[in-house]
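# Survey of secondary and tertiary structure
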Amino acid sequence: MRRVLKIVSLGALAILALLALRGEASASQGPSCVPTTGLIPQFCVNVPVGTSARRETTVPLSTVVSARADLRVEPGVPAPEVVRLAGTVDRAITRVERSFDRQLATKPRILVFATPASFSRATQELFGYTHETAENVAASYAGVFDPATLTIAVSWQSAAGAGLADLMTHELTHLATREILGDAVVPAWFEEGLAARMDD
């Protein structure tokens, strides 16, 4: 029954998004919002540039063996947690692919930072966030997906108390959505709503 409700909810969200796209297509080809800073920053869903736009961070990261992802973790995350993280990421990728009935085109790039401070610094370097936005993101979110670079960044200290599997599924849903939609611009509420339903 729960699965049927999830499918119905996803279908309703898809219909709403199509209606929104149809109404916005003639008005503007640009993004429908402008990112802002503040206590809770607003994020836009824009066309991903792809892996060519990727930058590196000065936060030291070690590559972790994962069957399905480009997974890198900052030293400071306990070794048993790193092993658990690798398995969780692989299972979350499989879950998202089954839900969308298609494989991800790109090997997900997932970077895990040990503390909110290193997470904040990395989002500035990797995604071009301002200092204020990066600090707000680190205080408010356990993980973020950057559509311009197709990169997921996770604050392990914040994610450890939350459901790690649900967090990974949520962020990977953003990646899958970007791959499926290509250059289509959808309202941020639709993409967030879809990702939120997937991590139930």
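Described in the following lines is the structure provided in the data block. (Residues numbered from 1 in each chain as written. Predicted model: local features only at pLDDT ≥ 70, side-chain atom pairs only at ≥ 80, totals over all residues. Heavy atoms only, no water.)

### So, the overall build of the protein chain
The following threshold applies: A run of H or I in DSSP becomes a helix once it reaches four residues, and a run of E becomes a strand once it reaches two; helices and strands are each numbered from the N terminus. Buried residues are those whose accessible area, probed at 1.4 Å on protein chains only, stays under 20% of the maximum for their type, while exposed residues exceed 50% and partly exposed ones sit between those limits. It only takes one pair of heavy atoms within 4.5 Å for two residues to be counted as in contact.
Check the secondary structure of the protein chain and you find seven helices and five strands. The order of α-helices and β-strands along the protein chain, N terminus first, is α-β-β-α-β-α-α-β-β-α-α-α. When each of the 200 residues of the protein chain is scored for burial, the buried share is 45%. Across the protein chain, every contact between residues at least 6 apart in sequence was considered, and the portion connecting residues at least 24 apart equals 69%.

### Observations regarding the nonpolar core
Keep this limit in mind: In this description, a nonpolar core means a group of buried Ala, Val, Leu, Ile, Met, Phe, Trp, Tyr and Cys residues linked to one another through side-chain atoms lying within 4.5 Å.
Grouped together as the largest cluster of nonpolar side chains are 30 residues, with contacts concentrated most on Leu71, Ile110, Met168 and Leu172. Among the secondary structure elements, those contributing two or more residues to this core are β2 (70-73), α2 (79-100), β3 (109-113), β5 (151-155), α5 (156-160) and α6 (164-181). Looking at which element gives the most residues to this core, the answer is α2, with seven residues. Excluding its chain neighbours within four sequence positions, the residues that come into contact with Leu172 are Val89, Ala92, Ile93, Val96, Pro108, Ile110 and Ile152. Within the second largest apolar cluster, 13 residues are counted, among which are Phe119, Ala122, Val137 and Ala153.

### Re the sheet that holds β5
Test applied: At least two bridges found by DSSP between two strands is the condition for calling them paired. Axes, fitted as lines to C-alpha atoms, cover a helix only where it is in contact. Angles between the N-to-C directions of the axes lie from 0 to 180 degrees.
With mixed pairing, the five strands of this open sheet are ordered in space as β1-β2-β3-β5-β4. Across the chains shown, the open sheet's two edge strands, defined by having one partner strand only, are β1 (62-64) and β4 (143-146). Geometrically, the sheet is characterised by an average inter-axis angle of 25° between neighbouring strands, direction not taken into account. In terms of strand pairing, β2 meets β3 through four bridges, oriented parallel.

### Details of the packing of aromatic side chains
Any aromatic ring pair is given by two values, namely how distant the centres are and how the planes are angled relative to each other. The condition is simple: Any two rings among Phe, Tyr and Trp, with Trp reduced to its six-membered ring, count as a pair given centres within 6.5 Å; such a pair is stacked if its planes are under 30 degrees apart, edge-to-face if over 60, and tilted if neither.
Applying the stated criterion across every chain, the model contains two aromatic pairs. Considering the side-chain rings of Phe113 and Phe119, the 6.5 Å spacing of their centres and the 50° angle between planes classify their relative orientation as tilted. No difference in accessibility class separates Phe113 from Phe119, as the two residues are buried.

### Structural notes on the pairing of β2
Defined as follows: The handedness of a crossover follows from its direction of travel: if, with the strands pointing away from the viewer, the path from the first strand over the helix to the second runs clockwise, the crossover is right-handed.
Inspection of the sheet shows β1 paired to β2 by three bridges, in the antiparallel sense. In the sheet register, Thr63 faces β2, and the bridge partner there is Arg72. Hairpin connection between β1 and β2: a loop of five residues separates the two successive antiparallel strands. Tracing the backbone out of β2, into α2 and back to the parallel element β3 gives a crossover that is left-handed.

### Let's talk about the pattern of salt bridges
Between side chains of opposite charge, pairing is possible as soon as their charged atoms come close. Using the following cut-off: For this document, the term salt bridge refers to a Lys or Arg side-chain nitrogen within 4 Å of an Asp or Glu carboxyl oxygen.
For the coordinates displayed, the defined rule picks out seven salt bridges. When the shortest N-O distance is used, the salt bridge between Glu56 and Arg72 registers 3.3 Å. With Glu56 in the loop between α1 (2-25) and β1 and Arg72 in strand β2, this residue pair connects regions lying 16 residues apart in the sequence. Taking relative accessible area as the criterion, Glu56 reaches 54% and is therefore assigned exposed. For Asp70, the salt bridge identified is with Arg72, shortest N-O distance 2.9 Å. Taken together, the salt bridges that share partners define one network made up of Glu56, Asp70, Arg72 and Arg109.

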